[in-house]
Amino acid sequence: MIISSYDANSLHRSFGIDLGEIDMGAVESFGVGANWGRVGPGRHSDPHQHDETETFVIVSGTGVIVVDAKRTPVSSGMVLQFEPFETHYLDNTGTTDLLFATFYWRDSPRASRVATTAVRRRFGDRPVFAFSTPPTPNGGLHIGHLSGPYLGTDVFVRFQRMNGANVWHLAATDDFQSYVASCARREGRSPAEVAAHYAADITQTLRLMDIEPDQITHTSRDERYPDALRAFFSRLVDTGRVTRQEGAALFDGETGRYLYEPDIGGGCPTCGSSTGGNICEECGEPNFCVDLVEPRPTSGTAEPRSGTITRYTLPLHDLRADVLEHHHVGRAPARLRELANRVFARERLDVALTHPSAWGVPPTQQDVPGQVIWVWIELAFGFIYGIESLGRRLGIDWRTDAPQDDWKIVHFLGYDNTFYHSILSPALYKIASPDWIPDVDYNVNEFYLLDGDKFSTSRRHAIWGKDLLNPQSVDGIRYYLARTRPETRRTNFTLAEYETVVRETLVDTWQRWLNDLGARVERRHGSIVPDAGIWTPEHTAFLARLENRLSAMAECLGPDGFSLNRAAQTLDGIVEDTLRFSRLEDPLGDIEDAKNEARTAIALELAAAKLLAHCAAPVMPRFAARLAGALGIEPPTQWPRLVTLVPPGTKVNLERQVFFGAQPDAQGPPGSVLPWLSGLIREALQLPEDAEVAAATLVALGVKSMQAIALQYQILERTGADVSVEDLLGERTVAELAAFLSSLSPNNSHTGNLAPMAEEAVGA
Ligand SMILES: [Zn+2]
């Protein structure tokens, strides 16, 4: 028998717990590790994860166990068991020591099972707020922007939604950026006008990209926003941790104007690269303008002058431990944690939180006249403000001054924003809401290059989304950006390569296969899906292969290993696998004696097409819906658990579908819209050929919403006009709809010929 008694004098500190060994003999023979654990009153253990299964037996005291943000009260006599990889910590909310015994062992099958069912691991039924970085409205969105946070967030949200998560895409425009003010000076307009103009441009581009956030905050036009921001800033000041401090700053040698951010450039004090004020895009580290190597103003010629100024300032170095602990709660990639370690290696990091500017929100505090709250405070605040705004619309009481531990926040950002998102923001949350443990996943992308050089809004070295995007091109662009976006390293965009990939992969491979499959189903089965007959070993192996592709896709799109590069590869893999299978099965296709095997092969190819429609839905939603329509199945709204056959007897229409690129008859004369639309509606409602429909609304004719969705796609195919179901089922008669479509299509008619527009965009 082994007896271990708790001994308060033989504890050592680890994972934020005072641990004492329970000697159970050799762990190898017992198979279980064991410890006494103690968490003092008012303390909590460090949030952490591991592959072992672990059991706590609470011996004395009271507290709360937090597992993936779910809080459960615990007290003596309770036994708790954690699954592998669950984020857990013990919070002592009582007045005496919280004492427990812990036993842990490695159960590899259990750990593997958890790791491979990662679709919604860690999320449960918690609200999930996915944020695309707020763009600065000093220009439209270019392909570089779109490839990074915006496509990432959209695909993430679509996939989670298909899996039943409570998830929303939240966006904002970062109107009070100093870059907006400098753009306004250049363009001879007010910053507010510039912000409003480009915010509309940004929203329109997102829509063309099939990205419709659930919440968009325009910070300079939201009536509640300035007071709410001031209240947040006052909470920071009221703690006494953000105070007025005199510090060094740069001023224009001639006019005396305060210089920061876009007004000043020089060498990064850390890595030496050429950089602007306050942040280095190259190494990701902040600077304080005065520490730039050979600082020079970006307008004017006078040497900048060093001086001092009193601003509200945060001693960020004091929050080192809090920020580093924060990175253990959610998903914080190595690259981001490496930056945090680098930044916090500095002895002091006094970050000014107010700056002299006429553009921005002045704080309530009157003792820094002419200064505004730094826009990067707005970034941190804007996220929780977005949650509050979304909650107000949904009728849920989410509040900026009472953020909740069960909120799951997922950020998509470029590496150049890492400091603000993952170091400054959590530090500010710690001060403003000390009891809140923000649970944040960070998805960081690197720079996307255009013809070998960084995309740049201010230098207008860019291909603008709106010049490239239209209903015919959007799926190809989403696919190409998913495939090439810079996830682990910088990657390069060229228009020529994009066009080649669309032609060779999407048109000549995917579409050709689907058309060919349609032709075979038409020839052999009259376009009706056959039932599977006899299964050969190769058939069974192909089904297994498709199952593997399905689980690979879920793994690429799930929160733990989210990667659109690998998602695009997997989609391609489905098509490549199927082409290989199709070639192997082809010799038996028309042999009468083998017809029971041949129909199984066809049924499996159709199952592969159905799988492609479902797996592509988050990445290429239009293509997915059209492919599902051509297969005679519902648009994919739920993530499949298994690969399944298309129901036998379904009518398919694949052989002449044009999924990618311009439609052959897209440019019909406007006058032809009414007869064509009338014919389409008669066909949908199975009305006689001479039925009069022009003067009636679709609702009056009996069109249901599913039929309207089908019409929507046919209209899109034919005219390139992306009309909403609401418009179709609105007040317009069929004749008025035809006129409306004619008015829409010229704006959407730039199909196919992309090169001239791109030249214009790059040269502008
Ligand atoms: Zn640098």
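Position numbers for residues start from 1 in each chain and track the written sequence from start to end. Reporting in this predicted model follows two pLDDT cut-offs: at least 70 for local features of residues, and 80 or more for side-chain atom pairs to be given and counted; totals over whole chains, interfaces and linings ignore these cut-offs and use all residues. Side-chain measures were taken over the full set of non-hydrogen atoms in the model, leaving aside hydrogen atoms and water.

K.L.:
Whenever I open this one, the side chain of Asp154 confuses me. Can you help?
P.N.:
The way it works is that DSSP assigns letters per residue, a run of H or I at least four long becomes a helix, a run of E at least two long becomes a strand, and they are numbered from the N terminus. Relative to the elements of secondary structure, Asp154 occurs in helix 3 (residues 143-162). Discounting chain neighbours no more than four positions away, the residues touching Asp154 are His169, Asp210, Ile211, Glu212 and Arg478. Here, two residues are considered to be in contact whenever any of their heavy atoms come within 4.5 Å of each other.

K.L.:
Help me out: how do you make sense of the coordination of the zinc ion in this one?
P.N.:
Angles between donor atoms at a metal ideally measure 109.5 degrees for a four-coordinate tetrahedral arrangement and either 90 or 180 degrees for a six-coordinate octahedral one. We call an atom a donor if it is N, O or S and sits within 2.8 Å of the metal, or 3.2 Å for Na, K and Ca. Water is not counted, so some sites may look partial. Protein-derived coordination of the zinc ion comes from Cys268 (SG), Cys271 (SG), Cys280 (SG) and Cys283 (SG), at a distance range of 2.2 to 2.3 Å. Every geometry call rests on angle ranges, with four donors termed tetrahedral when all angles are between 85 and 135 degrees, four termed square planar and six termed octahedral when opposite donors are over 155 degrees apart and all others are between 65 and 115, and everything else termed irregular. Coordination at the zinc ion comes from 4 donor atoms whose angles at the metal span 106 to 114°, giving a geometry best classed as tetrahedral. As a motif over one chain, the donors of the zinc ion read C-x2-C-x8-C-x2-C. Linking Cys268 in the loop between strand 15 (264-267) and strand 16 (274-276) with Cys283 in the loop between strand 16 and strand 17 (293-297), this pair joins segments that are 15 residues apart in sequence. The pair formed by Cys268 and Cys283 is uniform in burial state, with each residue classed as buried. Only protein chains enter the area calculation, which uses a 1.4 Å probe; residues under 20% of their type maximum are buried, those over 50% are exposed, and those in between are partly exposed.

K.L.:
Looking at this model, I keep getting lost on the nonpolar core. Mind explaining?
P.N.:
Most often, soluble globular proteins have nonpolar side chains that are buried together. In plain words, nonpolar cores are sets of buried Ala, Val, Leu, Ile, Met, Phe, Trp, Tyr and Cys residues tied together by side-chain atoms within 4.5 Å. Ranked by internal contacts, the top residues of the largest apolar core, which has 92 residues, are Ile143, Leu481, Phe493, Trp510, Met620 and Phe623. Top element by residues in this core is helix 16 (residues 595-616). It accounts for 12 residues. Excluding residues within four positions of it along the chain, Phe623 makes contact with Asp475, Trp510, Leu514, Leu612, Ala616, Phe659 and Phe660.

K.L.:
Is there a simple way to think about the environment of Ala332 in this case?
P.N.:
The topology assignment puts Ala332 in the loop between helix 7 (320-326) and helix 8 (334-343). Here Ala332 falls in the buried class, since its relative accessible area comes to 11%. Note: C-alpha distance between Ala332 and Val440 (108 residues apart in sequence) is 8.0 Å. In this view, Ala332 contacts His327, Arg337 and Tyr442; residues no more than four positions away in its chain are not counted.

K.L.:
What am I meant to see in helix 13 (residues 495-525) here?
P.N.:
In an α-helix there are 3.6 residues to a turn, and that puts residues three or four apart on one side. The largest bend along helix 13 measures about 30° and falls at Arg512. Positive phi appears at Gly526, one or two residues downstream of helix 13, with a value of about 60°. At any given residue, the bend is defined as the angle formed between two axes, one fitted to the seven residues that end at that position and one fitted to the seven that begin there.

K.L.:
Help me out: how do you make sense of the pattern of salt bridges in this one?
P.N.:
Any two side chains of opposite charge can pair, given that their charged atoms come close. A side-chain nitrogen of Lys or Arg and a carboxyl oxygen of Asp or Glu constitute a salt bridge if their distance falls within 4 Å. According to the stated counting rule, one finds 46 salt bridges in the structure shown. Here Arg485 makes a salt bridge to Glu487, at a shortest N to O gap of 2.8 Å. Comparing Arg485 with Glu487 shows no difference in burial state: the two are buried. The shortest N-O distance in the salt bridge between Arg732 and Asp727 comes to 3.4 Å. The network of salt bridges with shared partners includes Arg13, Asp18, Arg38 and Asp97.

K.L.:
Would you explain the pairing of strand 10 (residues 127-132) in this entry?
P.N.:
Consecutive residues of a regular strand have side chains that alternate between opposite faces of the sheet. Burial runs high along strand 10: 6 of the 6 residues are buried. Burial along strand 10 is two-sided: Pro127, Phe129 and Phe131 facing one way and Val128, Ala130 and Ser132 facing the other are all buried. Bridge count between strand 10 and strand 11 (residues 166-173): 5 bridges; the pairing is parallel. Bridge pairing links Val128 to Val167 in strand 11. This β-α-β element, strand 10 to helix 3 to strand 11, shows right-handed connectivity. When DSSP finds two or more bridges between two strands, those strands count as paired. In this structure, strand 10 lies alongside strand 22 (residues 408-414), joined through 5 bridges in parallel fashion. Residue pairing across strands places Phe129 opposite Ile409, the latter belonging to strand 22. Handedness of a crossover is defined as follows: orient the strands so they point away from the viewer, and if the path from the first strand over the helix to the second runs clockwise, the crossover is right-handed.

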